[in-house]
Amino acid sequence: MANQQTQQKQIVTSGIRPTGELHLGNYYGALLNLTRLQDQYDAYFFIVDLHSLTTHPNSADLRRNLIGVARDYVAAGLDPEKCALYAQSSISDLIGELHTYLSMVMPLGELLRCPTFKEKAKKHPDNINYGLVGYPVLMAADILIHKGTLVPVGEDQVVHLEMARTIVRRFQQIYGDLFPEPQPLIENAVRIPALSGQGKMSKSDARDSYISMRDESDQIQAKVKKAYSDPARVYKHQPGHPTIEGCNIYHLHSFFTEADLLDGLAAQCQQAAIGCADCKHHLATSLTSIVEPFRERRAQVSDDDVVDILTIGGQKARASAELVLAEVRSAMGLRTF
Ligand code: ATP
Ligand code: MG
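Residues numbered from 1 in each chain as written. Chains lettered and ligands numbered in written order. Predicted model: local features only at pLDDT ≥ 70, side-chain atom pairs only at ≥ 80, totals over all residues. Heavy atoms only, no water.

**With respect to the overall build of the protein chain**
Helices and strands together make up the secondary structure of the protein chain, namely 15 helices and 5 strands. Relative to the 2.2 N^0.38 estimate, which gives 20 Å for 337 residues, the radius of gyration of the protein chain is 22 Å and therefore close to what a compact globule would have. Over its C-alpha atoms, taken along the principal directions, the protein chain stretches across nearly 80 × 45 × 45 Å. A burial count over the protein chain gives 48% of its 337 residues as buried. Here the analysis covers contacts within the protein chain between residues at least 6 apart in sequence; of these, 78% occur between residues at least 24 apart. Carbon and sulfur atoms make up 52% of the accessible area of the protein chain, which amounts to about 16400 Å² in all. Within the protein chain, the 39 negative side-chain charges are centred at a point lying 5 Å from the centre of the 34 positive side-chain charges. (Helix = DSSP H or I, 4+ residues; strand = E, 2+ residues; numbered from the N terminus. Rg over C-alpha atoms; globule rule 2.2 N^0.38 Å. Buried < 20%, exposed > 50% of the residue type's maximum accessible area, 1.4 Å probe, protein only. Contact = heavy atoms within 4.5 Å. Areas by Shrake-Rupley, 256 points an atom, 1.4 Å probe, with all protein chains shown as cover. Lys, Arg positive; Asp, Glu negative; His and termini not counted. Charge placed at Lys NZ, Arg CZ, Asp CG, Glu CD.)

Next up, the structure:
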């Protein structure tokens, strides 16, 4: 069986919610991996606008963010010739149908115990909707609609993928061997910290806690200037603590600043020969050198370009999804005439 699985063509699937502007964490932790994966596998990358409705029910924001995130994806290097890039809603009829079938095999208790459901319910106590409980089932439909075998995930998504695997096993017990069990792909598990020093960068947090991939150089300088640094260094004449635990600015430098320059800054910091303001200026310059070329590439991609790309991607996704759904209907004994 294992041998059979490794010989199968690998199909990689990955989705992102259009809930805001992509930031350096998304870029480093997710987008860069996807550009590599599209070269190696049969790739389906989608913007999960249906998933956004569980917590962000604002139609104007959703329309704007869908196009905005698609432009970010193309600017990051996703190539419509190499992958299918599409909006989940462009195959909502097929995804919705598969979601209904999968909901019949997913145990309710597991969904209610899911830690991400509990977290979201706590965060949005006035909007604990049915869709929020079924979120992992909808995510399983996104993967299984193409018989996905590999799913790049961050720590937060591992539990959802485990539920997709539960669904596959239960489906198999009842209807036979149709879906492969999707495997997590945890390759580049970086976690870029927030500028505030509180947790990781997140696009749904305050704007000054993350660097958006759309920020201009002076915005980056201003945000970094206010960022949390070494709490134990109150005055410039005191030596600092340039370690990942000791200083949030050093932690950020460690991802984005060249090693030689960073070693030099750290040595000067330990001798109190450089102040936090200068060190932050260097960090902002490093961040700008990553964001600026991205912004330039993004400016070359128009809204019309991404509408074309998403349309073609939607057609590719539909062709693949139709084939799988026909097999599912038949396996479940549903009307095929
Ligand atoms: P939200 O606040 O809406 O949850 P987010 O910034 O956490 O947004 P997601 O859409 O949840 O972003 O995640 C998209 C991808 O980016 C995932 O693969 C996730 O693992 C990755 N990612 C998110 N934040 C970071 C971060 N700070 N560092 C590294 N990777 C990240
Ligand atoms: Mg998140």
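**A look at helix H15 (residues 303–332)**
For H15, which comprises 30 residues, the first-to-last C-alpha distance of 41 Å matches the rise-based estimate of 44 Å (1.5 Å per residue) to within 8%. For H15, the full list of buried residues reads Val-306, Ile-309, Leu-310, Gly-313, Gly-314, Ala-317, Ser-320, Ala-321, Val-324, Leu-325, Val-328 and Met-332. Tucked into the core, H15 has its buried residues touching strand E2 (42–47), helix H4 (59–76), strand E3 (83–87), helix H5 (92–103), helix H9 (135–144) and helix H10 (158–175). With its phi angle positive at about 80°, Gly-333 sits one or two positions after the end of H15. (Expected span 1.5 Å × (residues − 1).)

**What to know about the environment of Glu-322**
As for its position among the elements, Glu-322 is in helix H15. The class of Glu-322 is partly exposed, set by a relative accessible area of 35%. In sequence terms Glu-322 and Gln-238 are 84 residues apart; their C-alpha atoms lie 66 Å from each other.

**Considering the site of ligand 1**
Taken together, 16 residues lie around ligand 1, and His-23, Ile-192, Lys-200, Lys-203 and Ser-204 are the ones closest in. For ligand 1, an oxygen atom lies 2.7 Å from a polar atom in the side chain of His-23. The separation between an oxygen atom of ligand 1 and a polar side-chain atom of Lys-200 is 2.7 Å. At 4 residues, the largest contribution of residues to the shell around ligand 1 is made by helix H2 (residues 24–40). Looking at the shell around ligand 1, its residues break down into 5 nonpolar, 8 polar and 3 charged. (Near = heavy atom within 4 Å. Polar contact = N/O pair within 3.5 Å; in protein donor to acceptor, adjacent residues only side chain to side chain. Nonpolar A, V, L, I, M, F, W, Y, C, P; charged D, E, K, R; others polar.)

**Focus: the confidence of the model for the protein chain**
Residues of the protein chain with pLDDT of at least 70 account for 97%, and the chain-wide mean is 94. Below a pLDDT of 50 lies the segment residues 1–6, which in the model reaches 4 contacts outside its immediate sequence neighbourhood of four places, other chains included. The ipTM assigned to the predicted complex is 0.98, against a pTM of 0.88. (pLDDT = per-residue confidence, 0-100.)

**A word on the pattern of salt bridges**
In total, this model carries 20 salt bridges according to the counting rule given. The salt bridge involving Arg-165 is made with Glu-162; its shortest N-O contact spans 3.4 Å. Here the residue Arg-165 and the residue Glu-162 both occupy positions in helix H10, the gap between them amounting to 3 residues, near one helical turn. Classification of Arg-165 by relative accessible area gives buried; the value is 15%. Overall, the relative accessible area of 38% leaves Glu-162 in the partly exposed class. (Salt bridge = Lys/Arg side-chain N within 4 Å of Asp/Glu carboxyl O.)

**So, empty space enclosed by the protein**
Scanning the model with the defined rule gives 2 cavities of 30 Å³ or more in all. Each pocket or cavity is described by its volume, and for the largest cavity that value is around 140 Å³. When residues of the lining of the largest cavity are traced back to their parent elements, those giving at least two are helix H12 (248–256), helix H13 (259–270) and helix H14 (276–299). It is H13 that provides the largest number of residues to the lining of the largest cavity, a total of 4 residues. Here the second largest cavity is characterised by a volume of approximately 60 Å³. Looking at the lining of the second largest cavity, the elements with two or more residues in it are helix H7 (115–123) and H9. Take the lining of the second largest cavity: its biggest share by element is 3 residues, from H7. (1 Å grid on protein atoms, 1.4 Å probe; cavity = no way out; pocket = protein on both sides within 12 Å on 5 of 7 lines; lining within 4 Å. Points joined across faces, edges and corners; volume = space filled by probe spheres on them.)

**What about the layout of surface pockets?**
By volume, the second largest pocket is sized at about 290 Å³. In this structure, the second largest pocket is lined by 14 residues; those nearest its centre are His-99, Ser-103, Tyr-130, Val-133 and Gly-134. Every element with two or more residues in the lining of the second largest pocket is listed here: H5, helix H6 (108–113), helix H8 (130–133) and H9. The class makeup of the residues in the lining of the second largest pocket is 9 nonpolar, 5 polar and no charged.

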